[in-house]
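Summary of the model geometry
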Amino acid sequence: MSRNAVLAATVSLTLLALAAPALSQTELAVRAPADAVTRAGYDRADALSRSVFWTNEQQLNPMDPVAGVKLSQALRELGQFDRAAETAQGVLVVQPANVEAMLEVGRAHIARGQAFYGIAALEQAKAAAPRDWRPLSLLGVAYQQVRRPDDARAAWNEALRLSPDNADVLTNAAIARIGEGDAPSAEILLRRAASQPSAGLQVRQNLALALGLQGKTAEAEAILRRDLPPEAADQNLRWLAARMRPGQVPSPALTEASPTARTWSSLQGG
């Protein structure tokens, strides 16, 4: 090898050696936890994007309770209920008094149809945050799912005492009434819920359900067509019509055993 070639190789190796520490620092900076602004921005992202982001955050710091709770929420919204429950439960290992993690444990078990396993966490959240309506609202859903309707009503009544006319609580109570075949009383609750400024699409869609199950098709259709694309509205109306045929029980298919059953919730897309 010529003298010039040897000199060039030596210079190249020296430059690479000098660059290596800088690259390592850059990699460390990329792997640092996101700042508060970036984290807040992901609250507005879709569930899949949030699950990827919070998975990375949790890998950087497995002891980060915020990352754990946010990841659990995103997984639940993606339908990964078992993982969501496990993730939230893991947060409670790190922070046993974390109310947000307790709520996510409850939500995940309710969503996977096994509310019994979330009741203890929700009751713990209720004790830890006695002025918070959310544990009570979720407890009502959990109690209803495990066939404790009296406890469910008591929980929702207490939640409404803490947060009068809360649309979420009213909607949960109304869905329970629909499941019991009492669409008229569900309609009353849902009209109260729909009149609240915080009421969203889901509240109006459930009101349409309560109306449709009573044969008030015109008003139900008007609500559906305001909120949904024509094809989705048509699909929901066909679903309602099928349940109003002679011999059909006028209650939503929210408790159908088959995991592939076409339910009111799946038709709404939410």
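Fair warning: this is a prediction, and the values are worked out from it, not measured in the lab. Residue indices follow the written sequence of each chain, beginning from 1 at its first position. For a predicted model such as this one, the threshold for reporting local features is a pLDDT of at least 70, and the threshold for listing and counting side-chain atom pairs is 80 or more; totals across whole chains, interfaces and linings nevertheless cover every residue. Remark: hydrogens and water are excluded; side-chain values derive from all non-hydrogen atoms of the structure.

1. Here's the deal with unusual backbone geometry
Residues other than glycine seldom take positive phi values, yet arginine 147 does so here, at roughly 65°. Counting from the N terminus, the helices are the DSSP runs of H or I reaching at least four residues and the strands are the DSSP runs of E reaching at least two. Of note, arginine 147 is situated in the loop between helix H8 (133-145) and helix H9 (149-162). Under the scheme applied here, a residue whose accessible area is under 20% of the maximum for its type counts as buried, over 50% as exposed, and between as partly exposed, the area being computed with a 1.4 Å probe on protein chains only. Note on arginine 147: relative accessible area 74%, which makes it exposed. A positive phi is found at aspartate 165, a non-glycine position, where the angle reads about 60°.

2. Some thoughts on helix H7 (residues 116-128)
What H7 keeps buried is the set Gly118, Ile119, Ala121, Leu122 and Ala125. Pairs of residues are marked as contacts when any of their non-hydrogen atoms sit within 4.5 Å. Summarising the contacts, the buried residues of H7 are in contact with helix H6 (99-111) and H8.

3. Thoughts on the packing of aromatic side chains
For this analysis, a ring pair means two rings from Phe, Tyr or Trp (six-membered ring only for Trp) whose centres lie within 6.5 Å, classed as stacked if their planes differ by under 30 degrees, edge-to-face if by over 60, and tilted for the remaining angles. One pass over the full model with this rule turns up three aromatic pairs. Between tyrosine 42 and phenylalanine 53, the ring centres sit 3.9 Å apart and the planes meet at 10°, which makes this aromatic pair stacked. Of this pair, tyrosine 42 sits in helix H2 (residues 36-42) while phenylalanine 53 is found in helix H3 (residues 47-60), placing the two residues 11 residues apart along the sequence. Overall, tyrosine 42 belongs to the partly exposed group, its relative accessible area being 29%.

4. What about the nonpolar core?
Only buried residues count toward a nonpolar core. Its members are Ala, Val, Leu, Ile, Met, Phe, Trp, Tyr and Cys residues joined through side-chain atoms within 4.5 Å. In terms of nonpolar packing, the biggest core is built from 56 residues, with Leu122, Ile178 and Leu224 touching the most fellow members. Setting aside anything within four residues of it in sequence, one finds leucine 122 in contact with Met102, Leu103, Gly106, Ile110, Pro135, Leu138, Leu139 and Ala142. In this structure, Phe53, Ala67, Leu75 and Ala85 belong to the second largest nonpolar core, which totals eight residues.

5. Description of helix H11 (residues 183-194)
Compared with the 16 Å implied by 1.5 Å per residue over 12 residues, the 16 Å span of H11 between its first and last C-alpha is a close match. All of the buried residues in H11 are Ala183, Ser185, Ala186, Glu187, Leu189, Leu190 and Ala193. On its buried side, H11 packs onto helix H10 (167-179) and helix H12 (201-213). Take the residue count of a helix, subtract one, and multiply by 1.5 Å to get its expected span.

6. Description of the pattern of salt bridges
What makes a salt bridge here is a side-chain nitrogen of Lys or Arg within 4 Å of a carboxyl oxygen of Asp or Glu, nothing more. This structure, assessed with the given rule, holds 20 salt bridges. In this structure, aspartate 64 engages arginine 39 in a salt bridge whose closest nitrogen and oxygen atoms are separated by 2.5 Å. With aspartate 64 in the loop between H3 and helix H4 (65-77) and arginine 39 in helix H2, the pair connects residues that are 25 residues apart, well separated along the chain. Arginine 39 matches aspartate 64 in its accessibility class, with the two residues each being buried. Among the ionic pairs, arginine 112 bridges to aspartate 82, the shortest N-O distance being 3.5 Å. Of this pair, arginine 112 sits in the loop between H6 and H7 while aspartate 82 is found in helix H5 (residues 81-94), placing the two residues 30 residues apart along the sequence. Under the relative-accessibility criterion, aspartate 82 is labelled partly exposed at 47%. When salt bridges that share partners are traced, they join Glu187, Arg191, Lys216 and Glu219 into one network.

7. Observations concerning a nonpolar patch on the surface
Like-charged residues are merged into a patch within 9 Å and nonpolar side chains (Val, Leu, Ile, Met, Phe, Trp, Tyr) within 5 Å, provided each residue has over 30% relative accessible area and no salt bridge. Accessible areas in this description were obtained via Shrake-Rupley with a 1.4 Å probe; residue shielding takes into account the shown protein chains only. Residues Leu48, Val52 and Leu78 make up a contiguous nonpolar surface patch of roughly 250 Å² in combined accessible area. Locating leucine 78 in the fold gives a position in the loop between H4 and H5.

8. Examining the environment of aspartate 43
With respect to the helices and strands, aspartate 43 occurs in the loop between H2 and H3. Its relative accessible area of 43% is what places aspartate 43 among the partly exposed residues. Once the C-alpha coordinates of aspartate 43 and lysine 70 are considered, the two residues, 27 residues apart in sequence, prove to be 8.7 Å apart. Beyond its immediate chain neighbours, meaning those up to four positions away, aspartate 43 contacts Arg50 and Lys70. A distance of 3.1 Å separates polar atoms of two side chains, one belonging to aspartate 43 and the other to lysine 70. Polar contact is defined as a pair of N or O atoms within 3.5 Å, subject to the rule that within protein one atom must be able to donate a hydrogen and the other to accept it, and that residues adjacent in sequence are counted only when both atoms are side-chain atoms.

9. Examining the packing of H5 against H6
Axis angles are defined between N-to-C directions and span 0 to 180 degrees, where every axis is a line fitted to C-alpha atoms and, for a helix, only to the segment in contact. Direction vectors running N to C along H5 and H6 enclose 160°, while the axes themselves pass 8 Å from each other. Considering their axes alone, H5 and H6 lie roughly antiparallel with respect to each other. The chirality of how H5 crosses H6 is left-handed. The residues of H6 that touch H5, namely those facing Phe81, Ala84, Ala85, Ala88, Gln89, Val91 and Leu92, are Ala101, Met102, Glu104, Val105, Ala108, His109 and Ala111. Should an angle lie under 35 degrees it is considered roughly parallel, over 145 roughly antiparallel, and from 65 to 115 roughly perpendicular; all remaining angles are considered oblique. The crossing is said to be left-handed when, going from far helix to near helix, the turn is anticlockwise and less than a right angle, and right-handed when the turn is clockwise.

10. Brief notes about the side chain of glutamate 104
For glutamate 104, the position within the fold is in helix H6. A relative accessible area of 3% means that glutamate 104 is categorised as buried. A polar contact is formed between the side chain of glutamate 104 and the side chain of arginine 107, at a distance of 2.9 Å. Here glutamate 104 is in contact with Val69, Ser72, Gln73, Arg76 and Ala88, once residues within four sequence places are set aside.

Interpretation note: all reported values are geometric properties and have no functional meaning in isolation.
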